[in-house]
Amino acid sequence: TRPLLLCAALLLAALSCTFAADAPFLVAHKKVALSRPKPGVERLAVSLDLYNQGSATAYDVAINDDSWPKEAFELVSGEVSKTLERLEPGATASHAFVLESKTQGRFQASPAVIKYRVATKAALQEAYSTPILPLDILAERPPVKKFEWVSDCAKKLVAKYGALVSVVSFVLGFIYLVASPSKSAGSKSGKKRR
(Lines give C-alpha, C1' and ligand atoms only; values in the text may rest on other atoms or scores of the structure.)
Protein backbone atom coordinates (compact mmCIF):
# COMPACT_ATOMS: atom_id res chain seq x y z
CA THR A 1 0.00 0.00 0.00
CA ARG A 2 2.90 2.36 0.62
CA PRO A 3 4.05 2.37 -3.05
CA LEU A 4 0.42 2.93 -4.08
CA LEU A 5 0.13 5.98 -1.77
CA LEU A 6 3.42 7.35 -3.05
CA CYS A 7 2.24 6.93 -6.64
CA ALA A 8 -1.07 8.65 -5.87
CA ALA A 9 0.77 11.57 -4.19
CA LEU A 10 3.05 11.97 -7.20
CA LEU A 11 0.07 11.87 -9.57
CA LEU A 12 -1.75 14.51 -7.49
CA ALA A 13 1.36 16.73 -7.45
CA ALA A 14 1.75 16.38 -11.23
CA LEU A 15 -1.92 17.29 -11.79
CA SER A 16 -1.70 20.34 -9.51
CA CYS A 17 1.44 21.48 -11.37
CA THR A 18 -0.39 21.05 -14.68
CA PHE A 19 -3.31 23.18 -13.51
CA ALA A 20 -1.03 25.74 -11.87
CA ALA A 21 1.07 26.04 -15.04
CA ASP A 22 -2.03 27.08 -17.00
CA ALA A 23 -2.80 30.10 -14.83
CA PRO A 24 -1.78 33.74 -14.60
CA PHE A 25 0.99 34.59 -12.16
CA LEU A 26 1.04 38.31 -11.35
CA VAL A 27 4.15 39.98 -9.97
CA ALA A 28 3.95 43.63 -8.87
CA HIS A 29 6.91 45.88 -8.05
CA LYS A 30 6.21 49.02 -6.02
CA LYS A 31 8.62 51.98 -5.98
CA VAL A 32 8.53 55.39 -4.30
CA ALA A 33 10.70 58.39 -5.23
CA LEU A 34 10.89 61.29 -2.76
CA SER A 35 11.43 64.95 -3.69
CA ARG A 36 11.01 68.35 -2.05
CA PRO A 37 9.39 70.89 -4.34
CA LYS A 38 9.47 73.51 -1.57
CA PRO A 39 10.45 73.68 2.12
CA GLY A 40 8.09 71.81 4.42
CA VAL A 41 6.57 69.68 1.64
CA GLU A 42 7.59 66.14 0.64
CA ARG A 43 6.38 64.77 -2.69
CA LEU A 44 6.10 61.01 -3.22
CA ALA A 45 5.98 59.63 -6.76
CA VAL A 46 4.54 56.11 -6.37
CA SER A 47 4.78 53.66 -9.26
CA LEU A 48 3.60 50.07 -9.61
CA ASP A 49 4.86 47.81 -12.38
CA LEU A 50 2.71 44.72 -12.93
CA TYR A 51 3.90 41.63 -14.84
CA ASN A 52 1.96 38.52 -15.84
CA GLN A 53 4.59 35.78 -15.57
CA GLY A 54 2.02 33.00 -15.96
CA SER A 55 0.77 31.20 -19.04
CA ALA A 56 -2.87 32.37 -18.96
CA THR A 57 -4.67 35.69 -19.16
CA ALA A 58 -5.72 37.51 -15.98
CA TYR A 59 -9.12 39.23 -16.29
CA ASP A 60 -10.64 42.20 -14.43
CA VAL A 61 -7.31 43.15 -12.86
CA ALA A 62 -7.80 45.72 -10.08
CA ILE A 63 -4.76 47.46 -8.60
CA ASN A 64 -5.37 49.18 -5.26
CA ASP A 65 -2.78 51.04 -3.18
CA ASP A 66 -4.87 52.89 -0.60
CA SER A 67 -2.55 52.35 2.38
CA TRP A 68 -1.66 56.05 2.48
CA PRO A 69 -3.54 57.75 5.38
CA LYS A 70 -5.53 60.77 4.22
CA GLU A 71 -4.58 62.79 7.31
CA ALA A 72 -0.88 62.61 6.33
CA PHE A 73 -0.92 62.37 2.53
CA GLU A 74 -2.78 64.35 -0.12
CA LEU A 75 -3.27 62.96 -3.63
CA VAL A 76 -1.79 65.46 -6.10
CA SER A 77 -2.14 63.59 -9.39
CA GLY A 78 -3.35 60.22 -10.60
CA GLU A 79 -5.46 57.70 -8.67
CA VAL A 80 -4.52 55.16 -5.99
CA SER A 81 -6.41 52.46 -7.89
CA LYS A 82 -6.59 51.29 -11.48
CA THR A 83 -8.56 48.60 -13.32
CA LEU A 84 -7.45 46.67 -16.38
CA GLU A 85 -9.80 44.58 -18.49
CA ARG A 86 -7.13 41.90 -19.00
CA LEU A 87 -3.41 41.21 -18.70
CA GLU A 88 -2.13 38.71 -21.24
CA PRO A 89 0.70 36.24 -20.47
CA GLY A 90 4.05 38.01 -20.66
CA ALA A 91 2.39 41.44 -20.69
CA THR A 92 3.21 44.35 -18.39
CA ALA A 93 1.22 47.28 -17.08
CA SER A 94 2.17 50.34 -15.05
CA HIS A 95 0.31 52.56 -12.65
CA ALA A 96 1.56 55.79 -11.09
CA PHE A 97 0.30 58.55 -8.84
CA VAL A 98 1.79 61.42 -6.82
CA LEU A 99 1.20 62.19 -3.16
CA GLU A 100 2.23 65.17 -1.07
CA SER A 101 2.82 65.31 2.66
CA LYS A 102 3.37 68.13 5.11
CA THR A 103 3.59 65.81 8.11
CA GLN A 104 7.04 64.89 9.38
CA GLY A 105 7.70 61.34 10.55
CA ARG A 106 8.53 57.78 9.62
CA PHE A 107 5.99 55.92 7.50
CA GLN A 108 5.78 52.27 6.40
CA ALA A 109 3.45 51.71 3.44
CA SER A 110 1.70 48.40 2.96
CA PRO A 111 2.06 46.45 -0.29
CA ALA A 112 -0.47 47.23 -3.00
CA VAL A 113 -3.27 44.68 -3.46
CA ILE A 114 -3.99 43.24 -6.90
CA LYS A 115 -7.22 41.29 -7.44
CA TYR A 116 -7.92 39.44 -10.66
CA ARG A 117 -10.12 36.77 -12.15
CA VAL A 118 -9.01 33.51 -13.75
CA ALA A 119 -11.17 32.01 -16.51
CA THR A 120 -11.24 28.57 -14.84
CA LYS A 121 -12.16 29.80 -11.33
CA ALA A 122 -15.14 31.75 -10.05
CA ALA A 123 -13.45 33.29 -7.00
CA LEU A 124 -11.25 36.37 -7.33
CA GLN A 125 -7.52 35.73 -6.95
CA GLU A 126 -5.30 38.07 -4.93
CA ALA A 127 -1.66 39.12 -5.26
CA TYR A 128 0.49 41.69 -3.44
CA SER A 129 3.20 44.06 -4.59
CA THR A 130 6.68 44.13 -3.18
CA PRO A 131 6.94 46.15 0.04
CA ILE A 132 8.92 49.37 0.20
CA LEU A 133 11.43 50.45 2.82
CA PRO A 134 10.20 52.78 5.59
CA LEU A 135 10.05 56.39 4.45
CA ASP A 136 11.42 59.30 6.52
CA ILE A 137 9.02 62.05 5.50
CA LEU A 138 10.52 65.54 5.82
CA ALA A 139 13.58 64.16 7.59
CA GLU A 140 16.67 66.34 7.88
CA ARG A 141 19.02 65.42 5.05
CA PRO A 142 22.53 66.78 4.62
CA PRO A 143 22.94 68.85 1.46
CA VAL A 144 24.18 66.79 -1.46
CA LYS A 145 27.27 68.14 -3.20
CA LYS A 146 27.07 67.74 -6.96
CA PHE A 147 30.59 66.40 -7.45
CA GLU A 148 30.92 64.58 -4.14
CA TRP A 149 30.88 61.19 -5.85
CA VAL A 150 33.86 62.22 -8.04
CA SER A 151 35.97 63.01 -4.99
CA ASP A 152 34.85 59.76 -3.36
CA CYS A 153 35.95 57.82 -6.45
CA ALA A 154 39.29 59.66 -6.51
CA LYS A 155 39.84 58.85 -2.82
CA LYS A 156 39.09 55.17 -3.45
CA LEU A 157 41.47 55.07 -6.43
CA VAL A 158 44.26 56.77 -4.46
CA ALA A 159 43.72 54.40 -1.55
CA LYS A 160 43.79 51.38 -3.85
CA TYR A 161 46.50 52.36 -6.35
CA GLY A 162 48.34 55.22 -4.59
CA ALA A 163 51.45 53.21 -3.69
CA LEU A 164 51.72 51.80 -7.20
CA VAL A 165 51.35 55.25 -8.76
CA SER A 166 54.06 56.62 -6.42
CA VAL A 167 56.54 53.85 -7.33
CA VAL A 168 55.86 54.17 -11.07
CA SER A 169 56.22 57.99 -10.86
CA PHE A 170 59.51 57.65 -8.97
CA VAL A 171 60.93 55.15 -11.53
CA LEU A 172 59.81 57.29 -14.50
CA GLY A 173 61.33 60.41 -12.90
CA PHE A 174 64.62 58.58 -12.31
CA ILE A 175 64.72 57.31 -15.92
CA TYR A 176 64.04 60.84 -17.18
CA LEU A 177 66.85 62.29 -15.09
CA VAL A 178 69.34 59.63 -16.22
CA ALA A 179 68.36 59.63 -19.91
CA SER A 180 68.03 63.38 -20.50
CA PRO A 181 71.17 65.50 -20.99
CA SER A 182 71.95 67.97 -18.28
CA LYS A 183 71.98 71.70 -19.13
CA SER A 184 74.97 72.36 -16.94
CA ALA A 185 76.99 69.60 -18.65
CA GLY A 186 76.20 71.10 -22.06
CA SER A 187 77.24 74.60 -21.00
CA LYS A 188 80.53 73.31 -19.49
CA SER A 189 81.47 71.51 -22.67
CA GLY A 190 80.72 74.70 -24.65
CA LYS A 191 83.09 76.72 -22.45
CA LYS A 192 85.94 74.21 -22.96
CA ARG A 193 85.68 74.46 -26.75
CA ARG A 194 86.34 78.23 -26.78
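Fair warning: this is a prediction, and the values are worked out from it, not measured in the lab.

A. How the structure looks around the side chain of Thr 57. Tracing the chain through its elements places Thr 57 in the loop between strand S2 (41–52) and strand S3 (58–64). Looking at Thr 57, its side chain comes within polar contact range of the side chain of Glu 88, at 2.9 Å. The residues touching Thr 57, leaving out its near neighbours within four places in the chain, are Pro 24, Asn 52, Arg 86, Leu 87, Glu 88, Pro 89 and Arg 117.

B. The sheet that holds S3, seen in detail. Across the sheet, which stays open at both edges, the four strands sit in the order S5-S3-S8-S9 with antiparallel pairing between neighbours. Two strands close off the open sheet at either side, each with one partner strand: strand S5 (81–87) and strand S9 (125–128). Looking at each pair of strands side by side, their axes are set apart by 20° on average, direction ignored. Pairing analysis gives four bridges linking S3 to strand S8 (residues 113–117), with the strands arranged antiparallel. Opposite Tyr 59, over in S8, you have Arg 117 as the bridge partner.

C. Spotlight on the packing of aromatic side chains. Enumeration according to the criterion identifies three aromatic pairs in this entry. Between the aromatic rings of Trp 68 and Phe 73, the centroid separation amounts to 5.3 Å while the plane-to-plane angle is 80°, which identifies the pairing as edge-to-face. Assessed through its relative accessible area of 6%, Trp 68 is described here as buried. With relative accessibility at 7%, the residue Phe 73 sits in the buried group. Through successive ring pairs, a cluster of aromatic residues spans Trp 68, Phe 73 and Phe 107.

Cut-offs and rules
Residues numbered from 1 in each chain as written. Predicted model: local features only at pLDDT ≥ 70, side-chain atom pairs only at ≥ 80, totals over all residues. Heavy atoms only, no water. Helix = DSSP H or I, 4+ residues; strand = E, 2+ residues; numbered from the N terminus. Polar contact = N/O pair within 3.5 Å; in protein donor to acceptor, adjacent residues only side chain to side chain. Contact = heavy atoms within 4.5 Å. Pairing = 2+ DSSP bridges. Axes fitted to C-alpha atoms, helices over the stretch in contact; angles between N-to-C directions. Phe/Tyr/Trp six-rings, centres within 6.5 Å; stacked < 30°, edge-to-face > 60°. Buried < 20%, exposed > 50% of the residue type's maximum accessible area, 1.4 Å probe, protein only.

From the geometry alone we can't say anything about function, so treat these as descriptive.
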